Amino acid sequence: MKGILINYEFCTGCHSCEVACKKHLGLPEGEFGIKLTQVGPYEYSDTPEGADHWEYTMLPMLTKACDMCADRTEKGKIPMCVQHCQAWCMYYGEVEELAKKIDGTSRCALLTR
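Residues numbered from 1 in each chain as written. Predicted model: local features only at pLDDT ≥ 70, side-chain atom pairs only at ≥ 80, totals over all residues. Heavy atoms only, no water.

## Overview of the side chain of Arg72
In step 1: Its location among the elements puts Arg72 in helix 2 (residues 70-73).
In step 2: Buried charge without a salt bridge: Arg72, with Asp71 as the nearest opposite-charge side chain at an N-O distance of 6.1 Å.
In step 3: Contact partners of Arg72, with chain neighbours within four places excluded, come to His24, Lys77, Ile78, Pro79, Met80 and Gln83. (Helix = DSSP H or I, 4+ residues; strand = E, 2+ residues; numbered from the N terminus. Buried < 20%, exposed > 50% of the residue type's maximum accessible area, 1.4 Å probe, protein only. Lys, Arg positive; Asp, Glu negative; His and termini not counted. Salt bridge = Lys/Arg side-chain N within 4 Å of Asp/Glu carboxyl O. Contact = heavy atoms within 4.5 Å.)

Structure, rendered in structure tokens:
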């Protein structure tokens, strides 16, 4: 079984995954194959002086429209969202292999269809 691993620790919120997917699937306005959602901001009161007191987390989430670019992956290519990820925080492959990349030190999600 194939899947997409997303390391949320390194997502910068650039929306390149959204744009690449939307263009590839030819989705109309308001529809997405992968949708970037902002969680937060959360304020932290116990941070060291001079440190950022706010956290914004960007969460790319697959939608019903996502087919993991079946037309591309059948040809041995990777999904468009993974190919265009500017932060290199998305991976595509066998679920068992992707699970090995989860080391418990980062916030990750392993998504399948």
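## Remarks on the environment of Gly40
In step 1: Structurally, Gly40 can be placed in strand 2 (residues 34-43).
In step 2: Sequence-wise, Gly40 and Leu27 are 13 residues apart; in three dimensions their C-alpha atoms are separated by 28 Å.

## A few points about the packing of aromatic side chains
Two aromatic rings are characterised by how far apart their centres lie and by the angle between their planes.
In step 1: Here the structure, examined in full by the defined rule, presents 0 aromatic pairs.
In step 2: The lysine or arginine in question, Lys22, covers the ring of Phe32, its NZ or CZ lying 4.6 Å from the ring centre. (Phe/Tyr/Trp six-rings, centres within 6.5 Å; stacked < 30°, edge-to-face > 60°. Lys NZ or Arg CZ within 6 Å of the ring centre and 35° of its normal.)

## Quick word on the environment of Leu98
In step 1: By the element assignment, Leu98 lies in helix 4 (residues 95-100).
In step 2: Not counting chain neighbours up to four residues away, the residues in contact with Leu98 comprise Gly3, Ile4, Leu5, Tyr91, Tyr92, Gly93 and Leu110.

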